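# Notes for the structure review
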Amino acid sequence: GDNIRHGLNKDLGFTDVDRVENIRRIANVSKLMLDAGLITIVSFIAPFIAERRLARDLMGQDFLEVFIDVPIEVAEARDPKGLYEKARSGSLKNFTGIDSPYEIPENPDVHIKSDKTSPDAAADLIIDKLIKLKVV
(Lines give C-alpha, C1' and ligand atoms only; values in the text may rest on other atoms or scores of the structure.)
Protein backbone atom coordinates (compact mmCIF):
# COMPACT_ATOMS: atom_id res chain seq x y z
CA GLY A 1 0.00 0.00 0.00
CA ASP A 2 2.77 2.45 0.88
CA ASN A 3 4.57 1.79 -2.41
CA ILE A 4 1.39 2.38 -4.42
CA ARG A 5 0.71 5.57 -2.46
CA HIS A 6 4.23 6.83 -3.30
CA GLY A 7 3.86 6.10 -7.02
CA LEU A 8 0.69 5.30 -8.94
CA ASN A 9 -1.61 6.88 -6.36
CA LYS A 10 0.60 9.68 -5.03
CA ASP A 11 -2.03 12.23 -6.10
CA LEU A 12 -4.63 10.71 -3.74
CA GLY A 13 -5.33 11.49 -0.12
CA PHE A 14 -7.53 9.62 2.31
CA THR A 15 -10.92 11.22 1.81
CA ASP A 16 -13.77 8.86 0.96
CA VAL A 17 -13.57 9.93 -2.70
CA ASP A 18 -9.80 9.31 -2.80
CA ARG A 19 -10.18 5.92 -1.11
CA VAL A 20 -12.70 4.89 -3.76
CA GLU A 21 -10.32 5.96 -6.54
CA ASN A 22 -7.39 4.20 -4.82
CA ILE A 23 -9.23 0.86 -4.81
CA ARG A 24 -10.51 1.37 -8.38
CA ARG A 25 -6.93 1.87 -9.63
CA ILE A 26 -5.59 -1.08 -7.63
CA ALA A 27 -8.36 -3.33 -8.93
CA ASN A 28 -7.58 -2.39 -12.52
CA VAL A 29 -3.83 -2.93 -12.10
CA SER A 30 -4.58 -6.29 -10.48
CA LYS A 31 -6.82 -7.21 -13.42
CA LEU A 32 -3.96 -6.43 -15.84
CA MET A 33 -1.69 -8.75 -13.84
CA LEU A 34 -4.37 -11.45 -13.76
CA ASP A 35 -4.77 -11.17 -17.53
CA ALA A 36 -0.99 -11.65 -17.80
CA GLY A 37 -1.32 -14.96 -15.94
CA LEU A 38 -0.15 -13.86 -12.49
CA ILE A 39 -1.70 -14.67 -9.15
CA THR A 40 -1.92 -11.31 -7.44
CA ILE A 41 -2.23 -10.82 -3.70
CA VAL A 42 -3.60 -7.36 -3.02
CA SER A 43 -3.28 -6.27 0.59
CA PHE A 44 -5.21 -3.04 1.06
CA ILE A 45 -7.76 -1.55 3.35
CA ALA A 46 -10.82 -1.37 1.15
CA PRO A 47 -13.25 0.29 3.55
CA PHE A 48 -16.36 0.31 1.38
CA ILE A 49 -18.52 -2.62 0.30
CA ALA A 50 -19.16 -1.02 -3.11
CA GLU A 51 -15.47 -0.90 -4.01
CA ARG A 52 -14.88 -4.47 -2.89
CA ARG A 53 -17.85 -5.43 -5.07
CA LEU A 54 -16.31 -3.47 -7.97
CA ALA A 55 -13.07 -5.44 -7.60
CA ARG A 56 -14.97 -8.74 -7.41
CA ASP A 57 -17.01 -7.87 -10.51
CA LEU A 58 -13.87 -6.90 -12.40
CA MET A 59 -12.04 -10.14 -11.52
CA GLY A 60 -15.01 -12.47 -11.72
CA GLN A 61 -14.46 -15.98 -10.40
CA ASP A 62 -10.75 -15.23 -9.90
CA PHE A 63 -11.45 -12.84 -6.98
CA LEU A 64 -11.02 -14.09 -3.44
CA GLU A 65 -11.93 -11.71 -0.61
CA VAL A 66 -9.95 -12.33 2.55
CA PHE A 67 -11.16 -10.38 5.58
CA ILE A 68 -8.40 -9.95 8.14
CA ASP A 69 -10.58 -9.10 11.11
CA VAL A 70 -8.89 -7.45 14.07
CA PRO A 71 -10.40 -5.54 16.97
CA ILE A 72 -9.38 -1.90 16.85
CA GLU A 73 -7.60 -2.08 20.21
CA VAL A 74 -5.41 -4.91 18.88
CA ALA A 75 -4.72 -2.96 15.68
CA GLU A 76 -3.67 0.03 17.77
CA ALA A 77 -1.35 -2.11 19.91
CA ARG A 78 0.27 -3.57 16.76
CA ASP A 79 0.66 -0.19 14.99
CA PRO A 80 4.39 0.16 14.13
CA LYS A 81 3.96 3.59 12.48
CA GLY A 82 2.02 5.25 15.28
CA LEU A 83 -0.81 6.14 12.90
CA TYR A 84 -3.61 5.36 15.36
CA GLU A 85 -2.05 7.69 17.92
CA LYS A 86 -1.87 10.46 15.29
CA ALA A 87 -5.48 9.80 14.28
CA ARG A 88 -6.68 9.87 17.88
CA SER A 89 -4.86 13.16 18.50
CA GLY A 90 -6.45 14.69 15.40
CA SER A 91 -3.17 15.21 13.52
CA LEU A 92 -4.08 12.51 10.98
CA LYS A 93 -7.50 12.92 9.39
CA ASN A 94 -9.75 10.40 7.58
CA PHE A 95 -8.24 7.37 9.29
CA THR A 96 -10.20 4.17 8.79
CA GLY A 97 -11.91 3.05 11.97
CA ILE A 98 -11.31 6.34 13.80
CA ASP A 99 -12.89 9.22 11.85
CA SER A 100 -13.52 7.40 8.58
CA PRO A 101 -15.95 4.48 8.30
CA TYR A 102 -15.20 0.84 7.61
CA GLU A 103 -17.97 -1.34 6.24
CA ILE A 104 -17.58 -4.94 7.41
CA PRO A 105 -17.49 -7.45 4.53
CA GLU A 106 -20.86 -9.09 4.03
CA ASN A 107 -19.66 -12.53 2.95
CA PRO A 108 -15.87 -12.81 2.61
CA ASP A 109 -14.42 -15.94 1.03
CA VAL A 110 -12.04 -16.29 3.96
CA HIS A 111 -12.55 -14.68 7.39
CA ILE A 112 -9.49 -14.58 9.62
CA LYS A 113 -9.72 -13.31 13.18
CA SER A 114 -6.14 -12.17 13.50
CA ASP A 115 -6.28 -11.75 17.27
CA LYS A 116 -7.06 -15.46 17.55
CA THR A 117 -5.18 -16.90 14.56
CA SER A 118 -1.41 -17.06 14.13
CA PRO A 119 0.06 -15.75 10.88
CA ASP A 120 1.01 -19.30 9.86
CA ALA A 121 -2.48 -20.63 10.55
CA ALA A 122 -3.99 -17.67 8.66
CA ALA A 123 -1.75 -18.40 5.67
CA ASP A 124 -2.84 -22.04 5.81
CA LEU A 125 -6.52 -21.01 5.71
CA ILE A 126 -5.91 -18.91 2.60
CA ILE A 127 -3.85 -21.62 0.89
CA ASP A 128 -6.49 -24.24 1.75
CA LYS A 129 -9.13 -22.06 0.08
CA LEU A 130 -6.95 -21.58 -3.01
CA ILE A 131 -6.42 -25.34 -3.24
CA LYS A 132 -10.16 -25.97 -2.83
CA LEU A 133 -10.78 -23.52 -5.70
CA LYS A 134 -8.02 -25.24 -7.75
CA VAL A 135 -6.03 -22.01 -8.08
CA VAL A 136 -2.83 -23.64 -6.81
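Up top is the structure these notes are about.
Below: a short report on this structure. Because the structure is predicted, anything quoted here is derived from the model rather than measured. (Residues numbered from 1 in each chain as written. Predicted model: local features only at pLDDT ≥ 70, side-chain atom pairs only at ≥ 80, totals over all residues. Heavy atoms only, no water.)

## Brief notes about the environment of threonine 15
Quick reminder of the rule: Each helix is a run of DSSP H or I of at least 4 residues and each strand a run of E of at least 2, with the numbering of both proceeding from the N terminus.
Tracing the backbone through its elements, the reader meets threonine 15 in the loop between helix H1 (2–6) and helix H2 (16–35). Sequence-wise, threonine 15 and phenylalanine 95 are 80 residues apart; in three dimensions their C-alpha atoms are separated by 8.8 Å.

## What about the side chain of serine 100?
The condition is simple: Counting of polar contacts relies on pairs of N or O atoms within 3.5 Å, with two restrictions inside protein: one atom must be capable of donating a hydrogen and the other of accepting it, and residues adjacent in sequence are counted only when both atoms are side-chain atoms. Contact between two residues is taken to exist if any of their heavy atoms lie within 4.5 Å; hydrogens are not considered.
On the secondary structure map, serine 100 appears in the loop between helix H5 (83–89) and strand E2 (110–113). Separated by 3.5 Å, the side chains of serine 100 and aspartate 16 make a polar contact. The contact partners of serine 100, leaving out residues within four places of it in the chain, are Asp16, Arg19, Asn94 and Phe95.

## Thoughts on the packing of H2 against helix H3 (residues 49–59)
Cut-off, in case you're wondering: Helix axes are fitted only over the stretch in contact, all axes being lines through C-alpha atoms; the angle between N-to-C directions runs from 0 to 180 degrees. Here roughly perpendicular refers to angles of 65 to 115 degrees, roughly parallel to angles under 35, roughly antiparallel to angles over 145, and oblique to all remaining angles. Handedness of a crossing follows from how the near helix is turned relative to the far one, being left-handed for an anticlockwise turn of less than a right angle and right-handed for a clockwise one. For this classification, Asp, Glu, Lys and Arg are treated as charged, while Ala, Val, Leu, Ile, Met, Phe, Trp, Tyr, Cys and Pro are nonpolar and the rest, including Gly, are polar.
Interaxial distance between H2 and H3 falls to 10 Å at its minimum, and their mutual angle equals 15°. Taken together, the axes of H2 and H3 are roughly parallel relative to one another. Judged by the sense of rotation from one axis to the other, the crossing of H2 with H3 is right-handed. Packed against H2, whose contacting residues are Val20, Ile23, Arg24, Ala27, Asn28, Ser30, Lys31 and Leu34, the element H3 presents Glu51, Leu54, Ala55, Leu58 and Met59 at the interface. The residue inventory of the contact of H2 with H3, partitioned by class, reads 8 nonpolar, 2 polar and 3 charged.

## Structural notes on H2
Defined as follows: Given the number of residues in a helix, its expected span is that number minus one, multiplied by 1.5 Å.
Taking 1.5 Å per residue, 20 residues should reach 28 Å; H2 reaches 29 Å between its end C-alpha atoms and fits that length. Following H2 by one or two positions, glycine 37 has its phi on the positive side, about 95°.

## Re the packing of aromatic side chains
For clarity, the cut-off: Working definition: rings of Phe, Tyr and Trp (its six-membered ring) pair if their centres are within 6.5 Å, and the pair is stacked with planes under 30 degrees apart, edge-to-face with planes over 60 apart, and tilted otherwise. Accessibility here uses a 1.4 Å probe with only protein chains present; expressed as a share of the type maximum, an area under 20% marks a residue as buried, one over 50% as exposed, and anything in between as partly exposed.
Following the criterion strictly, the structure yields 2 aromatic pairs and no others. The interplanar angle of 20° and the centroid separation of 6.3 Å between the aromatic rings of phenylalanine 67 and tyrosine 102 together place this pair among those described as stacked. On the criterion of sequence distance, the pair formed by phenylalanine 67 in strand E1 (residues 66–69) and tyrosine 102 in the loop between H5 and E2 is long-range, its members being 35 residues apart. By relative accessible area, phenylalanine 67 is classed as buried at 6%.

## So, the side chain of threonine 96
Relative to the assigned elements, threonine 96 resides in the loop between H5 and E2. Under the relative-accessibility criterion, threonine 96 is labelled buried at 10%. Of note is the side chain of threonine 96, whose polar atom sits 2.9 Å from the side chain of arginine 19.

## Quick notes on the pattern of salt bridges
Selection criterion: By definition here, a salt bridge exists when the distance from a side-chain nitrogen of Lys or Arg to a carboxyl oxygen of Asp or Glu is within 4 Å.
Counted by the stated rule, this structure contains 11 salt bridges. Across the pair glutamate 21 and arginine 25 runs a salt bridge, and its minimum N-O distance is 2.8 Å. Remark: arginine 25 and glutamate 21 occur in helix H2; sequence separation between them is 4 residues, near one turn of the helix. The exposure class assigned to arginine 25 is buried, which follows from its relative accessible area of 18%. Several salt bridges converge on common partners, so that one network encompasses Asp11, Glu21, Arg24 and Arg25.

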